[in-house]
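# Chain and residue survey
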Amino acid sequence: MNEQVSNLLSFLSYLGVTLPILAFGLLAFMITTPYNEYKLIREGADTSDPRKVNAAKAAAHDLGGKIIGLAIVLASAVFHSVSLLDLAMWGILGIIFQVAVFYLFELVTPFRVVSEIPNGNVSVGIFSSRLSVATGLLMAALISY
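As the structure is a computational prediction, the values presented were derived from the model and not from experiment.

### What about the overall build of the chain?
For the chain, the count of helices and strands is six helices and zero strands. Secondary structure elements of the chain, listed N to C terminal, follow the sequence α-α-α-α-α-α. Once the C-alpha set of the chain is aligned to its principal axes, its extents read approximately 60 × 30 × 20 Å. The buried share of the chain, taken over its 145 residues, is 38%. In the chain, the share of contacts with a sequence separation of at least 24, taken over all contacts with a separation of at least 6, comes to 72%. Of the roughly 8100 Å² of accessible surface on the chain, a fraction of 71% belongs to carbon and sulfur atoms. Across the chain, the centroid of the 8 positively charged side chains sits 8 Å from that of the 9 negatively charged ones.

As structure tokens, then:
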């Protein structure tokens with residue numbers, strides 16, 4: 001019975017660190033882009049304007065990919081970390097690298113990613129989300145001791 005209580009407390013401790021990092025990551029992702037993802041997504045409900053619908057899709061893909069990528073990093077960090085501080089460190093690094101990959105993507109493309117997503121280029125949003133998931137997978141694999 002004591003082991004179950006200990007496991008439950010460990011679960012709650014790690015959850016108590018992981019969820020705020022995920023929320024902070026979401027906030028950081030939204031602050032570091034020049035467009036408001038929630039506004040674009042909300043405006044996408046207006047189905048009479050195809051540009052708004054596509055901008056909502058592009059923003060949802062982009063932001064969703066970053067969240068999934070960070071969640072993959074956090075899952076690996078929970079598995080590999082030796083302490084809650086270690087978990088927090090990897091989570092913060094995951095956020096930093098997700099933002100860095102987005103702006104690296106901006107630098108290497110012949111178009112402006114930060115303009116294409118609000119203009120409704122869904123393919124750019126999808127590609128950006130896949131880069132974020134790939135970044136998360138690679139970072140997750142790199143977390144080991």
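Moving on from the coordinates now.
### Concerning the nonpolar core
Phe29, Leu70, Leu74, Ala77, Leu87, Ile95 and Ile143 are the most contacted members of the largest nonpolar core, which has 16 residues in total. Of all elements in the fold, only helix H1 (2–31), helix H3 (50–80) and helix H4 (84–108) reach the threshold of two or more residues within this core. Core analysis: the next-biggest nonpolar cluster, separate from the first, contains eleven residues, Tyr35, Ala59, Phe102 and Val124 among them.

### Topic: the packing of aromatic side chains
Following the criterion strictly, the structure yields two aromatic pairs and no others. Where Phe102 meets Tyr103, the ring centres are 5.1 Å apart and the plane angle is 85°; that geometry is what we call edge-to-face. For Phe102, a relative accessible area of 3% puts it in the buried group. The class for Tyr103 is partly exposed, based on a relative accessible area of 29%. The interplanar angle of 55° and the centroid separation of 5.2 Å between the aromatic rings of Phe105 and Phe127 together place this pair among those described as tilted. With Phe105 in helix H4 and Phe127 in helix H6 (residues 122–142), this pair connects stretches of sequence that are 22 residues apart. Stacked on the ring of Phe102, the Lys or Arg Lys66 has its end atom at 3.9 Å from the ring centre.

### Looking at the pattern of salt bridges
Here the structure, examined in full by the defined rule, presents three salt bridges. Ionic pairing is found between Asp62 and Lys66, a salt bridge with its closest N-O pair at 3.0 Å. With Asp62 and Lys66 both in helix H3 and four residues apart, the pair spans about one turn of that helix. By the burial criterion, Asp62 is buried, and Lys66 matches it.

### What about the UniProt feature "transmembrane region" (unreviewed entry) in the chain?
According to UniProt, the feature "transmembrane region" (unreviewed entry) maps to residues 12–32, 63–82, 88–108 and 120–143 in the numbering used here. Taken end to end, residues 63–82 comprises 90% helix and 0% strand; its first and last C-alpha atoms sit 29 Å apart. Taken end to end, residues 120–143 has its terminal C-alpha atoms 35 Å apart, with 88% of it in helix and 0% in strand.

### Description of a nonpolar patch on the surface
A cluster of nonpolar side chains, Met1, Val5, Leu8, Leu9, Phe11, Leu12, Leu15 and Leu19, forms an exposed patch at the surface whose accessible area comes to about 810 Å². Looking at the secondary structure, you find Leu12 in helix H1.

### Some remarks on the side chain of Thr109
The topology assignment puts Thr109 in the loop between H4 and helix H5 (113–116). Engagement of the side chain of Thr109 in a polar contact is seen with the backbone oxygen of Glu106, the distance being 3.4 Å. Here Phe111 takes part through its backbone oxygen, which lies 2.8 Å from a polar atom of the side chain of Thr109.

### Considering the side chain of Ser128
By secondary structure assignment, the location of Ser128 is in helix H6. Within polar-contact distance, the side chain of Ser128 engages the side chain of Asp62 at 2.5 Å. When near neighbours in sequence (up to four residues on either side) are disregarded, Ser128 contacts Asp62, Phe102 and Phe105.

Calculation notes
Residues numbered from 1 in each chain as written. Predicted model: local features only at pLDDT ≥ 70, side-chain atom pairs only at ≥ 80, totals over all residues. Heavy atoms only, no water. Helix = DSSP H or I, 4+ residues; strand = E, 2+ residues; numbered from the N terminus. Buried < 20%, exposed > 50% of the residue type's maximum accessible area, 1.4 Å probe, protein only. Contact = heavy atoms within 4.5 Å. Areas by Shrake-Rupley, 256 points an atom, 1.4 Å probe, with all protein chains shown as cover. Lys, Arg positive; Asp, Glu negative; His and termini not counted. Charge placed at Lys NZ, Arg CZ, Asp CG, Glu CD. Core = buried A, V, L, I, M, F, W, Y, C linked by side-chain atoms within 4.5 Å. Phe/Tyr/Trp six-rings, centres within 6.5 Å; stacked < 30°, edge-to-face > 60°. Lys NZ or Arg CZ within 6 Å of the ring centre and 35° of its normal. Salt bridge = Lys/Arg side-chain N within 4 Å of Asp/Glu carboxyl O. UniProt positions renumbered as here; feature names shortened; annotations may be inferred. Patch = residues over 30% accessible without salt bridge, like charges linked within 9 Å, V, L, I, M, F, W, Y side chains within 5 Å. Polar contact = N/O pair within 3.5 Å; in protein donor to acceptor, adjacent residues only side chain to side chain.

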